[in-house]
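Residues per chain, in single letters:
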Amino acid sequence: MNNNLLSAGHTACSGCGQSLAARMVIDAAGKNTVVVNNTGCLEVFSTAYPESAWGVPWVHSLFENAAAVASGVEAGLIYLGKKDSINVIAQGGDGSTADIGLQALSGMLERGHDILYVCYDNEAYMNTGVQRSGLTPFDTNTTTSPSGKKSSGNIRPKKPMPEIANAHGIPYVATASAGYPQDIQRKVKKALSIKGPKYLQIHVPCPLGWRHEPNLTIEVGKLAVECGLYPLIEYESGKLSAVRKISAKPVEEYLKVQGRFKHLLSNPEEIKKIQAIADYNIEKYGLKLQTEAGS
Amino acid sequence: MRQFIEGSHAIAEVIKLCKPGVISAYPITPQTHIVEDLAQMVADGSVDAQFVNVESEHSAASVVLGGAAAGVRSYTATSSQGLFYMSEVIFNIAGLRLPLVLTCANRAVSAPINIWNDQQDSISLRDAGWIQLYAEDIQEAVDLHIIGYKISEDKDVMLPVMVCMDGFILTHGIETVDIPSQEQVDKFLPPYKALYKLDVDDPMTIGPLVGPDYYMETRYAIQKTLGDCLKIIPQAIADFSKDFGRNYSGLVEAYQVKDAERVIIAMGSVCGSIKDVVDELRSKGKKVGLLKIVSYRPFPVDAICNSLKDVPKVAVLDKAVSLGSYAPLASEIRSAFFGKKKAPKVISSFIAGLGGRDITKDSIKEIYRLLTAKELQEEFIDLKPELLKEKYE
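Residues numbered from 1 in each chain as written. Chains lettered and ligands numbered in written order. Predicted model: local features only at pLDDT ≥ 70, side-chain atom pairs only at ≥ 80, totals over all residues.

### Observations concerning the overall build of chain A
And then number 1: For chain A, the count of helices and strands is 11 helices and 10 strands.
And then number 2: The C-alpha atoms of chain A give a radius of gyration of 19 Å, which matches the 19 Å a tight globule of 295 residues would have.
And then number 3: Seen through its principal axes, chain A has C-alpha atoms that stretch 60 × 45 × 40 Å.
And then number 4: Taking all 295 residues of chain A together, the buried fraction comes to 56%. (Helix = DSSP H or I, 4+ residues; strand = E, 2+ residues; numbered from the N terminus. Rg over C-alpha atoms; globule rule 2.2 N^0.38 Å. Buried ≥ 20, exposed ≤ 12 C-beta atoms within 10 Å, placed from the backbone.)

### Observations concerning the interface of chain A and chain B
And then number 1: Listed as interface residues are 38 residues of chain A and, on the opposing side, 38 residues of chain B.
And then number 2: Elements with a contribution of two residues or more to the side of chain A that touches chain B: strand 1 (33–37), helix 2 (41–46), strand 2 (58–60), helix 3 (66–79) and helix 5 (102–111) of chain A.
And then number 3: For the side of chain A that touches chain B, the leading source of residues is helix 3 of chain A, giving 11 residues.
And then number 4: In terms of residue class, the side of chain A that touches chain B is built from 22 nonpolar, 13 polar and three charged.
And then number 5: Pairing of strand 2 of chain A with strand 9 (residues 205–206) of chain B, which is carried by two bridges, proceeds in the parallel orientation. Bridging across to strand 9 of chain B, V59 of chain A finds its partner in I206 of chain B. (Contact = placed C-beta atoms within 7 Å. Nonpolar A, V, L, I, M, F, W, Y, C, P; charged D, E, K, R; others polar. Pairing = 2+ DSSP bridges.)

### Quick word on the sheet that holds strand 7 (residues 172–177) of chain A
And then number 1: Pairing is mixed in the open sheet, where nine strands are placed in the order 10(A)-9(A)-7(A)-8(A)-4(A)-3(A)-1(A)-2(A)-9(B). Each edge of the sheet is formed by a strand with only one pairing partner; in this case those strands are strand 10 (239–243) of chain A together with strand 9 of chain B.
And then number 2: The pairing of strand 9 (residues 233–236) of chain A with strand 10 of chain A spans four bridges and is antiparallel. Bridging from a neighbouring strand, Y235 of chain A pairs with L240 of chain A of strand 10 of chain A.
And then number 3: Strand contacts of helix 1 (residues 17–29) of chain A: strand 1, strand 3 (87–93), strand 4 (116–121) and strand 8 (198–203) of chain A, with the helix running at about 160° to strand 4 of chain A, the strand carrying the most contacts. (Axes fitted to C-alpha atoms, helices over the stretch in contact; angles between N-to-C directions.)

### Observations concerning the environment of V311 of chain B
Residue and element names in this part refer to chain B.
And then number 1: Looking at the secondary structure, you find V311 in the loop between helix 10 (301–308) and strand 14 (313–318).
And then number 2: C-beta crowding within 10 Å serves as the criterion here: with 25 such atoms nearby, V311 is assigned to the buried category.
And then number 3: Taking the C-alpha atoms as reference, V311 lies 7.6 Å from D259; in sequence the two are 52 residues apart.
And then number 4: The residues touching V311, leaving out its near neighbours within four places in the chain, are V257, A260, V263 and P344.

### Brief notes about the nonpolar core
And then number 1: If you look at the biggest cluster of nonpolar residues, it comprises 208 residues, and the most contacted ones within it are V25 of chain A together with I265 and V316 of chain B.
And then number 2: Broken down by element, the residue count for this core peaks at nine residues, all from helix 3 of chain A.
And then number 3: When residues of this core are assigned to domains, at least three map to each of domain 1 (2–244) and domain 2 (252–388) of chain B.
And then number 4: Residue contacts for V316 of chain B: discarding those within four places in its chain leaves I265, A327, L329, A330, I333, I347, S349 and F350 of chain B. (Core = buried A, V, L, I, M, F, W, Y, C linked by C-beta atoms within 7 Å. Domains from an automatic or database assignment.)

### Observations regarding unusual backbone geometry
Residues and elements named next belong to chain B.
And then number 1: The omega torsion across T29 and P30 is 0°, close enough to zero to call that bond cis.
And then number 2: Mapped onto the fold, P30 is located in the loop between strand 2 (22–25) and helix 2 (32–44).
And then number 3: Following A111, the chain continues to P112 via a peptide bond in cis, the omega torsion being -5°.
And then number 4: In this structure, S80 takes a positive phi of about 45° despite not being glycine.
And then number 5: Within the secondary structure, S80 sits in helix 4 (residues 80–95).
And then number 6: Owing to 29 C-beta atoms within 10 Å, S80 belongs among the buried residues under this scheme.

### Looking at the packing of helix 3 of chain A against helix 3 (residues 57–69) of chain B
Each pair of packed helices can be described by the angle between their axes along with the distance between the axes.
And then number 1: Two elements in contact, helix 3 of chain A and helix 3 of chain B, have axes whose closest approach is 6 Å; the angle formed by their N-to-C orientations is 45°. Classified by the angle between their axes, helix 3 of chain A and helix 3 of chain B sit oblique to one another. Both helix 3 of chain A and helix 3 of chain B take part in a crossing whose hand is right-handed. Between helix 3 of chain A and helix 3 of chain B, the contacting residues are A68, V69, A70, S71, G72, V73, A75 and G76 of chain A on the first element and S59, S62, V63, V64, L65, G66, G67 and A69 of chain B on the second.
And then number 2: Per-class residue counts for the contact of helix 3 of chain A with helix 3 of chain B are nine nonpolar, seven polar and no charged. (Parallel < 35°, antiparallel > 145°, perpendicular 65-115°, else oblique. Left-handed = near helix turned anticlockwise from the far one by under 90°.)

### Topic: the packing of helix 6 (residues 138–152) of chain B against helix 8 (residues 215–244) of chain B
All names here are of chain B.
And then number 1: With their axes 10 Å apart at the nearest point, helix 6 and helix 8 run at an angle of 130° to one another. Compared by their axis directions, helix 6 and helix 8 come out oblique. At the point where helix 6 passes helix 8, the crossing takes the right-handed sense. The segment helix 6 lies against helix 8, with D143, I146, I147, K150 and I151 engaging I232, I233, A236, I237, F240 and F244.
And then number 2: In terms of residue class, the contact of helix 6 with helix 8 is built from nine nonpolar, no polar and two charged.

### Re the sheet that holds strand 11 (residues 262–266) of chain B
Residues and elements named next belong to chain B.
And then number 1: Ordered in space as 10-12-11-14-15-16, the six strands form an open sheet in which the pairing is mixed. At either margin of the open sheet sits one strand with a lone partner, and together these are strand 10 (252–255) and strand 16 (379–380).
And then number 2: Note: strand 11 against strand 12 (residues 288–293), five bridges, orientation parallel. Within strand 12, the residue paired with I265 across the bridge is L291.
And then number 3: Running at roughly 145° to strand 14, helix 11 (residues 328–337) makes contact with strand 11, strand 14 and strand 15 (346–351) of the sheet.

Listed below in structure tokens is the structure:
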């Protein structure tokens, strides 16, 4: 099977969760796909001229406009009578999705374009050197939300992008994780089987920005899900339709393997606050695995 | 067919004839009538296009970028703040070498907010890599859109074209306009066949990261193409004039310049008023003339110098300011003549009509009157001195 739509040889860092997830996405989507990419790590490491890792038609315009450019591509394909046989995927990182590109994304979702938008969420502006974004978690140490005598890092929790996307009344919203590659592919295929705007947010560990060992990418991704900090959920037609059940590991297990949370390990009060976020997610989405005894 | 028609409606009619497949726009005065008409045409089925109602001008420009990248003729229109909000995408479209036509309904820029006409918006984007053509009247605006697509899609060009028409004066003015037939337009402007596009059967990467080893050549290539356009544009205009029975002269239009002692250089609708004043003053024996600039980008240095080499005194009328420096058009006219043996002795600079202040025949006569042996720098016409005395204490 030829799965080289995002081929090897690109310049992503060792252990890059985004490159893994992006390959899962495009291989699941297949060759009849046009990709529109925001500026960011993915665009930089996959298209340094004169090389390109992409085996599908691919266009990058600016940091924040992939959703709008994709809207134009989709309109053009409809005009040409080709849309029914071609997928359009718009994609970008968390900053270009939830911050600077939120307006363009909202417009795309609201207008009902038949596009899958994929947000690769590595929880900060990694391409420019790990600055905080609207999707940076609470208490994360980044270069613009550093911990210090008067701060324990990022002061706000993650912007609830899946809920914001879902509030547009679109047919499909899901989260996924580089920790579960097959789940990414299942969700991409499901999304592309549905006509209309779809939003998929994939948690992609970044060894450089999160400061974990590159060989831990999958494990770190799984820990985020297993502790309840990154719930894997699906909304269909506005309703929560599926969640990945978890054993609810303590958040500390996830935090302690990453340098970006190192400052918290001697601060149990802050860890409690983060545990409260996980507990809230577990409660809200019903994530807890029920034992046979029904505990 | 000749119709008594509002400028915006005429533009919508000609865009319909150009058969774009993707149209996207965001409302801004005074561009709105154009896109309202097109939306109605799409709703009625008389235009077979995808009309994408976006949440901002940034997205309007991005949508037509996407349409063009998909290989489809695309169209948008905007004005003033809208053009500025597009500006990031405007530079990007030219860099990606995508063909497109955009109507700029020229309007002043904030602050203070002002919806009326001057040309500060498009002039401020002169370095974006777009071809900028300025219309004197509604007929010329209509025709420049057809010519614009022809030039933009030329495989030796592949650059976007901005057709600039003065807001309200032309967009909301009503004139008798010859709207060409569909057959005429189809013959001149065949269906768009993209040189390169997003094609699943022939995948290509558009808009990659380009480092120091390659970037300069991409900018050089645009500069070179715009230089070539100094031949391609007049040829397209000549072809159009022949096919459609017009008598356009090309990059510039010299009106009563041959024996003139004093000439005003200007762009856009004010040229019509200047022609009236020229006729009036000529009837009184004054040797005055007008040089109308149609193509501001590329800037037709040779055409300008050839037209004016024997004219002793030239006045440049700018409807924009480069705050803190020389007026934009005046500074380029002076540069054009720098070091030339045959050049006007006087090149005076005038700024008029900002924020919709009328440039009347008297304003134009005042410019001719002030065009003496004494060279003037950035002389504002029709300023109200009483307003300048107000102090904020």
